[in-house]
Amino acid sequence: MAVETNSFLKYDAVGIREQLSDVIHNISPRETPFLSNAKKGTVQNTFFEWQKDSLASAVSTNQQLEGDNIATHTAVVATVRTGNYTEIARKDFSISETTKAVRSAGGANSPGYIAAKLGAEIKRDQETSLLANKGAVAGSSGAARKTAGLPAFLRTNYNKDAGGVIPDAYTTAPTDTWDNGTQRAFTETIVKDVLLQVYNSGGDCSTIMVGPFNKQVFSGFDGIVELTKAVAGQATIVGAANVYVSDFGTLSVVPNRFQPARTAFFIDWSKCKVNVLRPYKMVDLAKNGDNERHMMVVEYGLEVGTDAALGIATDLTTA
């Protein structure tokens, strides 16, 4: 077939109205497992403190004479006082009055849409910062304060490569970080070792949090039994392990895109808290021209009640 001579085709037309959907597609992940599951608290200072304590080791020799006098008293062990700093996270934007005035598909250019997007970005930044291998920094007029990330606290229950180095001991705040060792494959033996240490330390982990690659590795452990179940006459294959039944309880296995990929965290959520000095707030900045300026800000810090209740596996392969 041939096109008739002088037919006016769409290819020749100029005044065709554009077709732009009002639906805005955003593939960027927004899940923040640690920030969502940790306890929430408030503080009134940029440096906040808490106390740690533990019971004396159990003994089998606590038998006393009937009617015995107490000659000396057992020394009382004082609590350990430790702390962390808050850090400030912010996003800002400027939008011209003209941009606000023109009609945009799906409201993509509206201050409300931009603010919602920045809010999601700040939460991703918080998740990444809370789980980063970084120590506490007091800050100064020329350096930003930093809240210590979760790895900086964890130095009691761990499994690492021989070349890895745990953070230095801390009292006031954890300022040191992990030194990486040679990467090695994530195994069920590593998981069992850390869980045993946590149990012996008195902890009660409920979650193992890993990067995406090691979540798939975890699902392939020999101790994981794949299940099938019938759904509407068809078999659904469950190829992922989301629950791990250990010798010391049942744990959820959670992937996290924003944590260090070479690390696995063993978490007792009752000992993890994100403290807020200044909650999320949208601030209108002074105009400096034919525009509108805004800033979103939050100030927060991480509290780990006692690292003996948590565990960490480091130096894991990521590909």
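None of these values were measured; they are calculated from a predicted model. Residue positions are given per chain, counted from 1 along the sequence in the order it is written. The predicted origin of the model limits local features to residues at a pLDDT of at least 70 and limits the giving and counting of side-chain atom pairs to 80 or more, whereas totals for whole chains, interfaces and linings rest on all residues. As a rule here, side-chain values come from all non-hydrogen atoms in the structure, and water together with hydrogens is ignored.

Caption draft 1: Representation of the sheet that holds strand β11 (residues 264-267) in the model. For two strands to be treated as a pair, DSSP must find no fewer than two bridges joining them. Strands are runs of DSSP state E lasting at least 2 residues, helices are runs of H or I lasting at least 4, and numbering of each runs from the N terminus. An order of β5-β14-β11-β6-β10-β9 is seen for the six strands of this open sheet, with the pairing classed as mixed. Two strands lie at the open edges of the sheet, namely β5 (158-159) and β9 (243-246), each paired on one side alone. Relative to strand β10 (residues 249-255), strand β6 (residues 207-210) runs parallel, the two being bridged by four bridges. Residue pairing across strands places Thr207 opposite Ser252, the latter belonging to β10.

Caption draft 2: Spotlight on helix α5 (residues 188-200). Taking 1.5 Å of rise per residue, the 13 residues of α5 would be expected to cover 18 Å, and the 18 Å separating its terminal C-alpha atoms lies within 8% of that figure. Among the residues of α5, Glu188, Ile190, Val191, Val194, Leu195 and Val198 are the ones counted as buried. Seen end-on, α5 carries its buried residues on one side only, within an arc spanning 155°. The exposed set on the far side of α5, more than 90 degrees from its buried face, consists of Thr189 and Asn200. Residue Gly202 follows α5 closely and has a positive phi angle near 100°. Between the first and last residue of a helix there are one fewer steps than residues, each counted as 1.5 Å, and that sum is the expected span. Three exposure classes are used, based on accessible area relative to the maximum for each residue type with a 1.4 Å probe and protein chains only: buried under 20%, partly exposed in between, and exposed over 50%. What the arc covers is the set of directions going from the helix axis to the C-beta atoms.

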